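Here's the letter readout for the chains.
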Amino acid sequence: MVIRNFRKKALIAGLFFVLTGSLIVGAGLAAGGRDALAAGPSKPWYQTIWIEDGKIVVSLDFLNGSLFHIRF
Amino acid sequence: MDSQLKKGLLEICVLAALAKQDSYGYQIIKDVSQVIEISESTLYPILKRLEASHDLETYSVEHNSRLRKYYRLTDSGRRHIADFLDDWKAVMTVIDFIKGEVHHD
Amino acid sequence: MTEKEYLDALNKALKWLPKPEKEICFNYAREMIEDRIENGFSEAEAVAQLETPGQMAKAFLEDRGSLKFKFSLPLNSGLTVILLVLGFPLWGALLLAGLMVLLAGFLIAGCVPFLCVVLTVSLLFVALVSVSASPFVMGTVSFTAGIIQFGVGMMALGGLILAALGASLSIPWFKSAVMKTAQNLRSLFFQEVKKW
């Protein structure tokens, strides 16, 4: 199967997911998520977003290393 | 003869030379050169192209204590010949028409 | 001409070809000679029936669509040679510096496709874990945290699509840039020889 205008569609899909995702995150944070995310060191390994020292951390730890890690 | 036409004809001649039985380089040259001029250097690109398009395949057989490369016609090659003959039926009709018209004058 | 002489001459005429390709042409010509010998011709007759090594090589090269390159610095007069030797400290250093700048440029430019690929892979894992684990986070941590994590997964998925798109655009671009520069560099010193 050949998808026509593949790159354009991929761009639209990518932007769509980023926007929808950030809307969900924003809505969650607005609905008191800050408290919910303050998990501390006891958080389960599969939790990829939490708040540490007042900063939001998005991270995925993998085999003692971090595959992806940003904090803001 | 027009070189483009000759190229196309040579390709089919090489395929036809393999239709009855598998053959090797020199035998192909001998068979084909009965009807149309062909040399080693023209045969080589034709064999390469036909092999790339899967119209023929190669295998080696030990012959007089050396490996001789044989060429075998594939089903695709047979179809290629059949398509060519079909096309030429149409061409022949055109040629008959041309001949007929010229002879009227 | 003997078979060996013929093949040696062919080998020489094909010296520009990479070895595996040369081997194919070489085997073909040898095949043709030996087929004839088996058909009762003497070695000399068999070779004589073939086209000259030059014609044969030409057919091989033309079929391959190859070009011959010739080193073409204007070294025709003694003066230019002397100037080149005397000036080496200057132009040698400049040439080296130029090549280094070029190399640095490629290293920097090469980071873009590399980064895109790395980002694609890591975001793939983030997206997979975030989305698939969000129900568990809802259960063990809190419902809102699970929702937020799901949102993070969506963002990672989008980011991964964008990074993959970036890689698919920047890799061919980088490749063609390298090829073009290599061609340009070659044409500085070598000249295409179409007739021979």
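For clarity, every value in this text was computed on a predicted model and none was experimentally measured.

A. Spotlight on the overall build of chain A. Scanning chain A for helices and strands turns up one helix and three strands. Listing each helix as α and each strand as β along chain A from the N terminus yields α-β-β-β. Looking at chain A as a whole, 22% of its 72 residues qualify as buried.

B. Main features of the overall build of chain C. Each helix and strand counted, chain C has seven helices and two strands in total. The buried share of chain C, taken over its 196 residues, is 26%. Contacts in chain C between residues far apart in sequence, at least 24 positions, make up 68% of those at least 6 positions apart.

C. Spotlight on the packing of helix H1 (residues 3-17) of chain B against helix H3 (residues 40-52) of chain B. Residue and element names in this part refer to chain B. At a minimum axis separation of 10 Å, H1 and H3 run at an interaxial angle of 75°. Compared by their axis directions, H1 and H3 come out roughly perpendicular. Here H1 contributes Leu 10, Glu 11, Val 14 and Leu 15 to the contact with H3, which in turn contributes Thr 42, Ile 46 and Leu 50. Grouping the constituent residues of the contact of H1 with H3 by class yields five nonpolar, one polar and one charged.

D. Expanded view of the interface of chain A and chain C. Facing the 33 residues of chain A at the interface are 28 residues of chain C. Put simply, the parts of the chain that give the side of chain A that touches chain C at least two residues each are helix H1 (6-37), strand S2 (55-62) and strand S3 (65-71) of chain A. A total of 21 residues in the side of chain A that touches chain C trace back to one element, the largest contributor, which is H1 of chain A. Classifying every residue of the side of chain A that touches chain C by side-chain character gives 22 nonpolar, nine polar and two charged.

E. Region of the structure containing the interface of chain B and chain C. Listed per partner, the contact involves 12 residues of chain B and 15 residues of chain C. Going through the elements one at a time, helix H2 (25-32), H3 and strand S3 (66-73) of chain B are the ones with two or more residues in the side of chain B that touches chain C. A per-element tally of the side of chain B that touches chain C places H3 of chain B first, with five residues. Each residue belonging to the side of chain B that touches chain C can be placed in one class, and the counts come to four nonpolar, four polar and four charged.

F. Geometry of helix H2 (residues 19-38) of chain C. Residues and elements named next belong to chain C. Taking 1.5 Å per residue as the helical rise, H2 with its 20 residues ought to reach 28 Å, and the 28 Å between its terminal C-alpha atoms agrees with that figure. For H2, the full list of buried residues reads Cys 25, Tyr 28, Ala 29, Met 32, Ile 33, Glu 34, Asp 35 and Arg 36. Gly 40, located one to two residues past H2, shows a positive phi value of around 100°.

G. How the structure looks around helix H6 (residues 88-140) of chain C. All names here are of chain C. Relative to the 78 Å expected for 53 residues at 1.5 Å per residue, H6 spans 73 Å between its end C-alpha atoms, a close match to the ideal helical length. The largest bend along H6 measures about 50° and falls at Ser 134, with the proline Pro 135 one to four residues further on. Every buried residue of H6 is accounted for by Cys 116, Ser 122, Leu 123, Val 126, Ala 127, Val 129, Ser 130, Ala 133, Ser 134 and Val 137.

H. Summary view of the sheet that holds S3 of chain B. All names here are of chain B. In space, the three strands of this open sheet follow the order S1-S3-S2, with antiparallel pairing throughout. Of all the strands in the sheet, the pair left with one neighbour each is strand S1 (23-24) and strand S2 (56-63). Examined bridge by bridge, S2 and S3 share eight bridges and lie antiparallel to one another. Along S3, the bridge assignment pairs Val 61 with Arg 68.

I. Layout of unusual backbone geometry. Although it is not a glycine, His 54 of chain B adopts a positive phi angle of roughly 60°. Here His 54 of chain B shows up in the loop between H3 and S2.

J. The confidence of the model for chain A, seen in detail. Per-residue pLDDT for chain A has a mean of 79; in total, 82% of the residues score no lower than 70. Mean pLDDT across the secondary structure elements of chain A bottoms out at S3 of chain A, with 75, and peaks at H1 of chain A, with 86.

K. Inspection of the confidence of the model for chain C at higher detail. All names here are of chain C. On average, residues of chain C carry a pLDDT of 83, and 90% of them reach 70 or more. In the model of chain C, strand S1 (residues 68-71) stands out as the element of lowest mean pLDDT, 57, in contrast to H6, which has the highest, 89. Two numbers describe this predicted complex: its pTM, 0.48, and its ipTM, 0.83.

Rules behind the numbers
Residues numbered from 1 in each chain as written. Chains lettered and ligands numbered in written order. Predicted model: local features only at pLDDT ≥ 70, side-chain atom pairs only at ≥ 80, totals over all residues. Helix = DSSP H or I, 4+ residues; strand = E, 2+ residues; numbered from the N terminus. Buried ≥ 20, exposed ≤ 12 C-beta atoms within 10 Å, placed from the backbone. Contact = placed C-beta atoms within 7 Å. Axes fitted to C-alpha atoms, helices over the stretch in contact; angles between N-to-C directions. Parallel < 35°, antiparallel > 145°, perpendicular 65-115°, else oblique. Nonpolar A, V, L, I, M, F, W, Y, C, P; charged D, E, K, R; others polar. Expected span 1.5 Å × (residues − 1). Bend = angle between axes of the 7 residues up to and from the residue. Pairing = 2+ DSSP bridges. pLDDT = per-residue confidence, 0-100.

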